[in-house]
Structure formats: C-alpha cells, structure tokens
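Report on the structure
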Amino acid sequence: MQRRRPVDAIKESILEAKAIIQGRAGIVAKLEKPAAILSLEAILAETDAVMVARGDLGVEMPAEQVPAIQKRIVRACRRLGKPVIVATQMLESMVGAPVPTRAEASDVATAIYDGADAVMLSAESASGKYPVESVAMMDAIVRQTEADPYYGDAIEAGHTPPGVNIPDAIGLAARSVAGLLDLAAMVAYTSSGASALRMARERSGVPIIGMTPRRSTARRLALVWGVNPFLCHDVMSVDEMTEVALKTVTQLGFADPCRAVVIAAGMPFGTPGTTNLLRIAQMN
Ligand SMILES: Nc1ncnc2c1ncn2[C@@H]1O[C@H](COP(=O)(O)OP(=O)(O)O)[C@@H](O)[C@H]1O
Ligand SMILES: C=C(OP(=O)(O)O)C(=O)O
C-alpha cells in the first residue's frame, strides 16, 4: 500500500476539523513543523488564518532557519490576504523584567514591517510578573512602527497584485480612492468577512470597518489588520446603507467632516456573494 503524502494527511486533518466545527468557528493553522512548511500553499488554501509558532519551529529545526521560515509564511499569507499571527518569545525577558531587551523590541517591529496581522504574547502575559506592562509595551512598539514613514514603503515593497475577481477588484478600487481622497474610513458590508479581508490585504492605512449582521464574522474580523468589526442589522437600501455606515464611522471615532468614506456592499442587499458596489460618501 502506498503511504499517504504529508500534504494529504494535513489536508485530511483540516477537513476533519472543518467537519466537526460546521462553520461555527474559523480554523487557525499553527505551523510548527518543517512538513507544514513544505505544504504551505495547500494548508493556506484550507485555513482561515495562520500562526507562526516559533517555539515549536525552534524545536523542530535549527534556530537560524526560523527567521526565513517566518518571513516565508508571512509573505505567503500576505499574498493571499489570510490573517497571520507571529507568536512566541516576542518580549520573553518581560516574564521577569518590566522592560524588554532592545532586540525583542526589534523582533516585534520586524513582524509588523513584514505585514503580520497580529503579534502574540505567551508567558509574558500568561504567567509573567509584568502582564500589563508587556501588553502596553507590545502596543507601543506596534504603534511606533506603523507611524514610521518607512513602514508604508516596507508594506508596499511586499505587496503583490490582487486576484482577478470581484472582491479583490473592490479592495483595489477602495485603495485607489484612498490614494486620491483623504478618507476617514473604508466600510465593508460583509456577511462572510471576505470583503473586509480584501480591503485589509491592500493595507491602505485607512481604518476599515467590517459591518456585518453575523456575530461570528465580527469575532473573526477582530484578528485582521486594520479592521474594526461592527455588528449591524440588515440594511435595505443604498440610502440606509450610507446612513448606517456614516453613523458607525462617527460612533467609532473616525469621523472628520472634511473627509470622505468609501463603502463596499452588494445588491441585492442581504444576499451573500454579491459584493458589487463601491460608494463614496462625504462625512457631514
Ligand atoms: N448589514 C447588512 N445589511 C444588508 N446586507 C448586508 C449587510 N451586511 C452584508 N450584507 C450583504 O452581504 C453581501 C456581502 O456578502 P458577500 O458578497 O458574500 O461578501 P463577503 O464575502 O464579504 O461576505 C452583500 O450583498 C451585502 O450587501
Ligand atoms: C505558540 C506556540 O506553541 P505553544 O502554545 O505550544 O507554545 C509555539 O510553539 O510557538
């Protein structure tokens, strides 16, 4: 009998997990073995998000190989617009000290420059002596890095062309508008979260609001770079869509009367799979 290839075994496990979950949760693939890296594309095709588990990767392969693997995974996720989390030992010395080493600060910043959606603390906040300081420090490093003018260049350098499909076209169009107009926010009416993900993939630097009637989608979008999930009722018309979007932009604190808002949605409303509309509305 022929042995199953690792990629088949991995795909089978993911499909098994999906069958159990029945759409009630998303799947984050925790990549911790060289076999997973060999099957990266196949795993990404099946999962909703990815975690670079550097602790286990460091056990499974020499330490000097982990940085390149981390970058490869982040790049692959960025290309597909899949949320990616970089995890483990990011501020490790803060388990016992109130400040990190400068090398650790640099590690967090590197993940941000590479375009990670999320960075993760482990022992620092789970069992360390300075959990609050660790979270505050990570937040400060992320903010400082994103404020660096070079951050935009680094993200732009790693940007790959979007796919030839309507959600990607809408994401790209929203980004072009952001380049021309001074936008207060981008709003995506989304049932599955896909259109908010496509906007996030473009990393335009403008806050994204993921408006969804589904609680599960709102929760999943919390992981995605730049996306502020917002639960809303079903809208029935373009006027209502615009009104609710502008009200939400104000409610979330992004309003600026001089600036415009881009809204992506689909008609007929309330029908998944129909995103086909980009509206530019003025805040006032
Ligand atoms: N609050 C809402 N009210 C009415 N329609 C909504 C709402 N949220 C999402 N939709 C509709 O859901 C569809 C978006 O879903 P879909 O096209 O599947 O995109 P996505 O893949 O982003 O979920 C659009 O037709 C949009 O108008
Ligand atoms: C996050 C990791 O896994 P664990 O939770 O097993 O430490 C890791 O290995 O980096």
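Analysis parameters
Residues numbered from 1 in each chain as written. Chains lettered and ligands numbered in written order. Predicted model: local features only at pLDDT ≥ 70, side-chain atom pairs only at ≥ 80, totals over all residues. Heavy atoms only, no water. Phe/Tyr/Trp six-rings, centres within 6.5 Å; stacked < 30°, edge-to-face > 60°. Helix = DSSP H or I, 4+ residues; strand = E, 2+ residues; numbered from the N terminus. Buried < 20%, exposed > 50% of the residue type's maximum accessible area, 1.4 Å probe, protein only. Near = heavy atom within 4 Å. Polar contact = N/O pair within 3.5 Å; in protein donor to acceptor, adjacent residues only side chain to side chain. Areas by Shrake-Rupley, 256 points an atom, 1.4 Å probe, with all protein chains shown as cover. Nonpolar A, V, L, I, M, F, W, Y, C, P; charged D, E, K, R; others polar. UniProt positions renumbered as here; feature names shortened; annotations may be inferred. Pairing = 2+ DSSP bridges. Axes fitted to C-alpha atoms, helices over the stretch in contact; angles between N-to-C directions.

Here the structure, examined in full by the defined rule, presents two aromatic pairs. Taking the centre distance of 6.5 Å and the plane angle of 45° together, the rings of Tyr 113 and Tyr 151 count as tilted. In this pair, Tyr 113 sits in helix α6 (residues 102-114) while Tyr 151 sits in helix α9 (residues 149-157), placing the two residues 38 residues apart along the sequence. The class for Tyr 113 is partly exposed, based on a relative accessible area of 23%.

As a matter of local geometry, ligand 1 sits amid 21 residues, with Thr 190, Ser 192, Ser 195, Gly 273 and Thr 274 nearest to it. In the model, an oxygen atom of ligand 1 is placed 3.3 Å from a nitrogen or oxygen of the Ala 194 main chain. The fraction of the free accessible surface of ligand 1 (560 Å²) that becomes covered by protein chains is 94%. Of the residues in the shell around ligand 1, the class split is eight nonpolar, 12 polar and one charged.

The subject of this paragraph is the UniProt feature "domain: Pyruvate kinase barrel" (unreviewed entry) in the chain. Under the local residue numbering, the UniProt record ascribes the feature "domain: Pyruvate kinase barrel" (unreviewed entry) to residues 24-135. Overall, residues 24-135 shows 50% helix and 14% strand. The separation of its end C-alpha atoms is 29 Å.

Strands belonging to one sheet form pairs held by backbone hydrogen bonds; the direction of such a pair is parallel or antiparallel. Pairing within the open sheet is parallel, and its four strands lie in the order β1-β2-β3-β4. Among the strands making up the open sheet, the edge pair consists of β1 (28-31) and β4 (118-120). Pairs of neighbouring strands in the sheet enclose a mean axial angle of 20°, with direction left out of account. One ladder, built from four bridges, connects β1 with strand β2 (residues 49-53); its direction is parallel. Along β2, the bridge assignment pairs Lys 30 with Met 51.

So, about the site of ligand 2. Lining the immediate environment of ligand 2, one finds Lys 30, Met 51, Ala 53, Arg 54, Gly 55, Asp 56 and Thr 88. The contact in question runs from an oxygen atom of ligand 2 to an N or O atom on the side chain of Asp 56, over 2.7 Å. Residue Thr 88 places a side-chain N or O atom 2.4 Å away from an oxygen atom belonging to ligand 2. Of all the elements in the fold, those that place two or more residues in the shell around ligand 2 are β2 and α4 (54-60). In terms of residues, the shell around ligand 2 owes the most to one element, α4, which gives three residues. The class makeup of the residues in the shell around ligand 2 is two nonpolar, two polar and three charged.

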